[in-house]
Amino acid sequence: MTTARKNTLTKEIVSQAIIDAFKKLNPAVMIKNPVMFVVEVGTVITLLLSIWPDLFVASTVGRGYNIAVFLILLFTVLFANFAEALAEGRGKAQADTLRKTKSETMAKLVQKDGSYKQVSSTQLKKGDVVRVDTGEIIPTDGEIIEGLASIDESAITGESAPVIKEAGGDFSSVTGGTRVASDYIIVKVMTDPGESFLDRMIALVEGAKRQKTPNEIALTTLLAVLTLIFLIVIMTMVPMAQYLSVKLDVATLIALLVCLIPTTIGGLLSAIGIAGMDRVTQFNVLAMSGKAVEAAGDIDTLILDKTGTITYGNRMASEILPVKGVSSKEMILSALMASVKDETPEGRSIVELANKLGESWAEKEYKDAEAIEFTAETRMSGLNLASGAQIRKGAVDAIKKHISAKGGRIPSDLDDIANRIARAGGTPLAVAAGDRIYGVIYLKDTVKPGLKERFAELRGMGIKTIMCTGDNPLTAATIALEAGVDDFIAEAKPEDKIAAIKKEQQDGKLVAMTGDGTNDAPALAQADVGLAMNSGTMAAKEAANMIDLDSDPTKLLSVVAIGKQLLITRGALTTFSIANDIAKYFAIIPAMFILAMPQLEALNIMHLASPTSAILSALIFNAVIIPLLIPIAMKGVKYRAMSADRLLTRNVLIYGVGGVIVPFVGIKAIDLVLQVLNIA
Ligand SMILES: Nc1ncnc2c1ncn2[C@@H]1O[C@H](COP(=O)(O)OP(=O)(O)OP(=O)(O)O)[C@@H](O)[C@H]1O
Ligand SMILES: [K+]
Ligand SMILES: [Mg+2]
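Residues numbered from 1 in each chain as written. Chains lettered and ligands numbered in written order. Predicted model: local features only at pLDDT ≥ 70, side-chain atom pairs only at ≥ 80, totals over all residues. Heavy atoms only, no water.

Q: Which parts of the structure should I look at to understand the site of ligand 1?
A: Around ligand 1, 23 residues are found, and the nearest of them are Asp-305, Lys-306, Thr-307, Arg-315 and Ser-381. Thr-469 places a polar side-chain atom, nitrogen or oxygen, 2.9 Å from an oxygen atom of ligand 1. Contact distances for ligand 1 include 2.9 Å between an oxygen atom and a backbone N or O atom of Gly-470. Counting only elements with at least two residues in the shell around ligand 1, the list comes to α11 (306-310), β14 (380-384), β15 (390-395) and β16 (427-433). The leading source of residues in the shell around ligand 1 is β15, at 3 residues. For the shell around ligand 1, the residue count by class is 6 nonpolar, 8 polar and 9 charged. Residue-level mapping places the shell around ligand 1 at the junction of two domains, with at least three residues from each of domain 3 (290-310 + 448-549) and domain 4 (317-443). (Near = heavy atom within 4 Å. Polar contact = N/O pair within 3.5 Å; in protein donor to acceptor, adjacent residues only side chain to side chain. Helix = DSSP H or I, 4+ residues; strand = E, 2+ residues; numbered from the N terminus. Nonpolar A, V, L, I, M, F, W, Y, C, P; charged D, E, K, R; others polar. Domains from an automatic or database assignment.)

Put into structure tokens, the structure is as follows:
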């Protein structure tokens, strides 16, 4: 698994966050966080009370008390703003590193007449065609339409090993900012200026485009409702106090309100969200929205493509086997003829092998032949010669159908040869010319290491893995066994992948899918979380809501872990925050009514020194708990792959019970300090 890029909190990020904390005091900004907005209103009122203590009612406490309450409330709001600013600051730093890779480059725009015109990469529009030679930077995201080259993607992925990219097939898309290491390529620009994946990643990480996620909106609403309820509770206290002929100071009422509303989670909520998104980008995954990251935390089923995901995918032809009655030379030649115009990696590897086996075919022979492109629908490719002869290669069942339709017969040993290849986990391609099948090509593929353990880990989290492949059942079964997936679908057409996703979704399951090919695009769009490989086609990346810049589909497991961690962190701190408030009842209520109802002394289990000290201690604790929890909010609670309910009980214990106990200790400690300093 790619180690996350470390994101240290530098001095300038912290100092900038302090400045931003003050800037965020602007009510127009604060209103977005209802809980903290109420605290800000309270701060303003206590400021007025510090100037005119008798503003509302004749004040029974000194000006000093009002000033103390005002200052503590001001810091409560500043601490909350600081937490958010810190998270944003870290995101901005991350965006700056990304922006550096988007260096401004000159590009060779291919004109209509074939000449090149030097333009700046920022002027390239969707549809433009540029030529990139060895050593040059690819100016923006696009698809290779001509040529083959090795691309150094280290600027984006940090991996220095160049990857082969070529026109056609699933490895044809290139990302702006990467460099052509050998040969040249002609690239069709696929994104408008400012719309490239990097631009979107930067906008997202900077929080500019970070719209609230469903989970966050729900929680914010809950917190707003809680705040409203406590506001009403406090309002009803005024007549009650009058009835008891107890004089209640406005500053004390505001202090009680702020202690009771969920300011701890209210102050940390956005920091948790921003930090969660930030963790995703640290894993080199570009998430289109926070929603996608959270959905990843709730995934039940993972649908994985075989070729290029579970296996390395650069399937190479390793043997060319004739059926009985066909000479090896004839078979090799027909395999060559079926592949000379096949741009896919499979096709190229067959030509290479045929050439190595001593066969070649003069270009003039097939120059005007019609190329039949491979598609996931037909699962065949080949040539239609000018003479009318048709040469095909493809999935065995597809070729059988093709030959039977021509009235040809199926060789008796075809299945044995094909099944032997499939049982070895290879992909057999049958080859036919006219109405005759000549033999089978053995496309070799290998399963990526370490998958078995990762899938077992997912199973531990209650996530089911399904391998979905266009390949034949035997090959699929062999690979599925070797990779250790829970289930597989063979000979899957794109609509079968979508059907599999819809079936799971109908069972109320959230489905995540990785893919890289164009035939994966519709399924990636249908899935709740679609992770496209950066090496995949643009169509796949456009359809997905996440892109893995390292093109490592097992990265989805990290994304799932991050998504889960984000949800758990938010849940844990909310539990802590609510639990937190219980202790404050014991600190403040007795303090407020002790004079009228001495029997309330029984509630003063912390034996706080005096009513004012009790209230100030609770208020100070309520403020400092926010910065104290910033590290957990930013790093996320420790997350280990264990079953969801075990994890839940663990967190309820720590943050629930902890949330009740900690304030008692904290408030008592502060009360003692206040005594020592004999402030109150
Ligand atoms: N270039 C090609 N020419 C002819 N047939 C091909 C070619 N590439 C693949 N095939 C055949 O088409 C089948 C389906 O290909 P497809 O890419 O949809 O699935 P896959 O690559 O085998 O597996 P996955 O769906 O996991 O990518 C392959 O199993 C193979 O038999
Ligand atoms: K509170
Ligand atoms: Mg494929």
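Next comes the rest of the account.
Q: Even after reading the chapter, I still don't get the nonpolar core, so can you show me in this structure?
A: One broad trend across soluble globular proteins is that nonpolar side chains are buried collectively. Leu-268, Ile-310, Met-546 and Met-592 are the most contacted members of the largest nonpolar core, which has 119 residues in total. With 17 residues, the top contributor of residues to this core is helix α22 (residues 555-593). When residues of this core are assigned to domains, at least three map to each of domain 1 (11-93 + 206-281 + 560-613 + 628-677) and domain 3 (290-310 + 448-549). (Core = buried A, V, L, I, M, F, W, Y, C linked by side-chain atoms within 4.5 Å. Buried < 20%, exposed > 50% of the residue type's maximum accessible area, 1.4 Å probe, protein only.)

Q: Explanation requested: the coordination of the potassium ion (ligand 2) in the structure shown.
A: For a metal with four tetrahedral donors the ideal donor-metal-donor angle is 109.5 degrees, while six octahedral donors give ideal angles of 90 or 180 degrees. Val-258 (O), Cys-259 (O), Ile-261 (O), Thr-263 (OG1) and Asn-622 (OD1) make up the full set of protein donors to the potassium ion (ligand 2), lying at 2.5 to 3.0 Å. Donor residues for the potassium ion (ligand 2), ordered by position in the chain, follow V-C-x1-I-x1-T-x358-N. With a gap of 359 residues between them, Thr-263 in helix α9 (residues 263-282) and Asn-622 in helix α23 (residues 611-635) connect regions that are remote in the sequence. (Donors = N, O, S within 2.8 Å, 3.2 Å for Na, K, Ca; no water.)

Q: I would appreciate a short explanation of empty space enclosed by the protein in the present structure.
A: It is the rolling of a water-molecule-sized probe over the atoms that shows where space remains empty. Enumeration over the complete set of coordinates arrives at 1 cavity of 30 Å³ or more. Of the pockets and cavities examined, the largest cavity occupies roughly 50 Å³. Leu-302, Leu-304, Thr-309, Ile-310, Leu-451, Phe-455, Pro-553, Thr-554, Leu-556 and Leu-557 together form the lining of the largest cavity. Within the lining of the largest cavity, the residues separate by chemical class into 8 nonpolar, 2 polar and no charged. (1 Å grid on protein atoms, 1.4 Å probe; cavity = no way out; pocket = protein on both sides within 12 Å on 5 of 7 lines; lining within 4 Å. Points joined across faces, edges and corners; volume = space filled by probe spheres on them.)

Q: Where do I start with the packing of aromatic side chains in this structure?
A: Aromatic ring pairs: the centre-centre distance and the angle between the two ring planes describe each pair. Counting across every chain of the model gives 3 aromatic pairs. Above the face of the Tyr-184 ring, Arg-131 is positioned so that its terminal group lies 4.0 Å from the ring centre. In this structure, Arg-436 packs its charged tip against the face of Tyr-438, placed 5.1 Å from the ring centre. (Phe/Tyr/Trp six-rings, centres within 6.5 Å; stacked < 30°, edge-to-face > 60°. Lys NZ or Arg CZ within 6 Å of the ring centre and 35° of its normal.)

Q: Explain the pattern of salt bridges here, please?
A: A side chain of one charge can pair with a side chain of the opposite charge if their charged atoms are brought near each other. Using the criterion set out here, one finds 28 salt bridges in the structure. Residue Lys-24 is joined to Glu-84 by a salt bridge in which the shortest nitrogen-to-oxygen separation is 2.7 Å. Taken as a pair, Lys-24 in the loop between α1 (11-23) and α2 (27-30) and Glu-84 in helix α4 (residues 63-101) lie far apart in primary sequence, 60 residues in all. Between Lys-584 and Asp-581 there is a salt bridge, and its shortest N-O distance comes to 3.2 Å. Remark: Asp-581 and Lys-584 occur in helix α22; sequence separation between them is 3 residues, near one turn of the helix. A single burial state applies to Lys-584 and to Asp-581, both of which are buried. One continuous salt-bridge network, built from bridges that share partners, spans Lys-108, Arg-131, Asp-133 and Glu-136. (Salt bridge = Lys/Arg side-chain N within 4 Å of Asp/Glu carboxyl O.)

Q: Would you explain the UniProt feature "binding site: ATP" (unreviewed entry) in the protein chain in this entry?
A: Under the local residue numbering, the UniProt record ascribes the feature "binding site: ATP" (unreviewed entry) to Asp-342, Glu-346, Phe-374, Thr-375, Ala-376, Glu-377, Thr-378, Arg-379, Met-380, Ser-381 and Lys-393. Checked against the element boundaries, Glu-346 lands in helix α13 (residues 345-356). Using a relative accessible area of 14% as the deciding quantity, one classes Glu-346 as buried. Discounting residues that sit within four places of it in the chain, Glu-346 has contacts with Arg-315 and Leu-443. If you trace the backbone, Arg-379 turns up in the loop between β13 (370-372) and β14. Taking the relative accessible area as the measure of exposure, Arg-379 reaches 9% and is therefore buried. In this view, Arg-379 contacts Phe-374, Lys-393, Gly-394, Ala-395, Asp-397, Ala-398, Gly-470, Glu-491 and Lys-493; residues no more than four positions away in its chain are not counted. (UniProt positions renumbered as here; feature names shortened; annotations may be inferred. Contact = heavy atoms within 4.5 Å.)

Q: Mind showing me how you'd approach the confidence of the model for the protein chain here?
A: Low pLDDT means the predicted coordinates in that region are not meant to be read closely. For the protein chain, per-residue confidence averages 88 on the pLDDT scale, and 97% of positions sit at 70 or higher. As a predicted assembly, this complex carries a pTM of 0.76 together with an ipTM value of 0.95. (pLDDT = per-residue confidence, 0-100.)

Q: Would you mind going over the domain arrangement of the protein chain with me for this structure?
A: Interface size, as often reported, equals the accessible area lost upon joining of the parts. Per the domain assignment, the segments of the protein chain are domain 1 (11-93 + 206-281 + 560-613 + 628-677), domain 2 (125-192), domain 3 (290-310 + 448-549) and domain 4 (317-443). Taking the mean C-alpha position of each, domain 1 and domain 4 sit 70 Å from one another.

Q: Got a minute to help me understand a nonpolar patch on the surface in this structure?
A: Together, Val-44, Leu-47, Leu-48, Ile-51, Trp-52, Leu-55, Phe-56 and Val-57 give the surface a local cluster of nonpolar side chains, amounting to about 680 Å² of exposed area. Under the relative-accessibility criterion, Phe-56 is labelled partly exposed at 47%. (Patch = residues over 30% accessible without salt bridge, like charges linked within 9 Å, V, L, I, M, F, W, Y side chains within 5 Å. Areas by Shrake-Rupley, 256 points an atom, 1.4 Å probe, with all protein chains shown as cover.)

Q: Can you help me understand the sheet that holds β13 in this one?
A: Paired through backbone hydrogen bonds, the strands of a sheet run either parallel or antiparallel to each other. Pairing is antiparallel across the open sheet formed by 6 strands, whose spatial order is β12-β17-β16-β15-β14-β13. Taken across any chain shown, the strands that pair with only one partner, and hence form the sheet edges, are β12 (316-322) and β13. Adjacent strand axes in the sheet meet at a mean angle of 20 degrees when their direction is disregarded. Sheet topology note: the β16/strand β17 (residues 436-444) ladder contains 7 bridges and is antiparallel. Counterpart to Pro-428 in the pairing with β17 is Tyr-442. Against the sheet, α13 makes contact with β12, β15, β16 and β17, and its axis sits at roughly 60 degrees relative to β12, the strand it touches most. (Pairing = 2+ DSSP bridges. Axes fitted to C-alpha atoms, helices over the stretch in contact; angles between N-to-C directions.)

Q: Is there a simple way to explain a positive patch on the surface in this structure?
A: Residues Lys-635, Lys-638, Arg-640 and Arg-646 make up a contiguous surface patch of positive charge. Within the secondary structure, Arg-646 sits in helix α24 (residues 644-676). Owing to a relative accessible area of 53%, Arg-646 belongs among the exposed residues under this scheme. (Lys, Arg positive; Asp, Glu negative; His and termini not counted. Charge placed at Lys NZ, Arg CZ, Asp CG, Glu CD.)

Q: What should I look at first to understand α1 in this one?
A: Residue pairs spaced three or four apart in an α-helix point in one direction, given the helix's 3.6 residues per turn. Here α1 is 13 residues long and its end C-alpha atoms lie 19 Å apart, about the 18 Å a rise of 1.5 Å per residue gives. Buried residues of α1: Ile-13, Ala-17, Asp-20 and Ala-21, and no others. The arc that holds every buried residue of α1, seen down its axis, measures 105 degrees, which confines them to one face. In α1, those exposed residues whose orientation departs by more than 90 degrees from the buried face are Lys-11, Glu-12 and Lys-23. (Expected span 1.5 Å × (residues − 1). Arc of directions from axis to C-beta.)

Q: Before we go on, may I ask you to explain the pairing of strand β18 (residues 464-468) in this structure?
A: Taken residue by residue, a regular strand's side chains alternate between the two faces of the sheet. Counting buried residues along β18, 4 of its 5 residues qualify, which places the element largely inside the surrounding structure. As paired strands, strand β11 (residues 301-305) and β18 are joined by 5 bridges and run parallel to one another. The residue bridging Ile-303 from the neighbouring strand is Ile-466, located in β18. Bridge count for β18 against strand β19 (residues 487-489) is 3 bridges, and the pairing is parallel. Residue Met-467 lies in a different strand from β19, and its bridge partner there is Phe-488.

Q: Looking at this structure, how should I read the packing of helix α12 (residues 328-339) against α13?
A: Any two packed helices are characterised by the angle at which their axes cross and by the distance between the axes. Between α12 and α13, the shortest axis-to-axis distance is 9 Å and the interhelical angle comes to 145 degrees. For the crossing formed where α12 meets α13, the hand is left-handed. Here Ile-332, Ala-335, Leu-336 and Ser-339 of α12 lie close against α13, whose contacting residues are Gly-347, Ile-350, Val-351, Ala-354 and Asn-355. (Left-handed = near helix turned anticlockwise from the far one by under 90°.)

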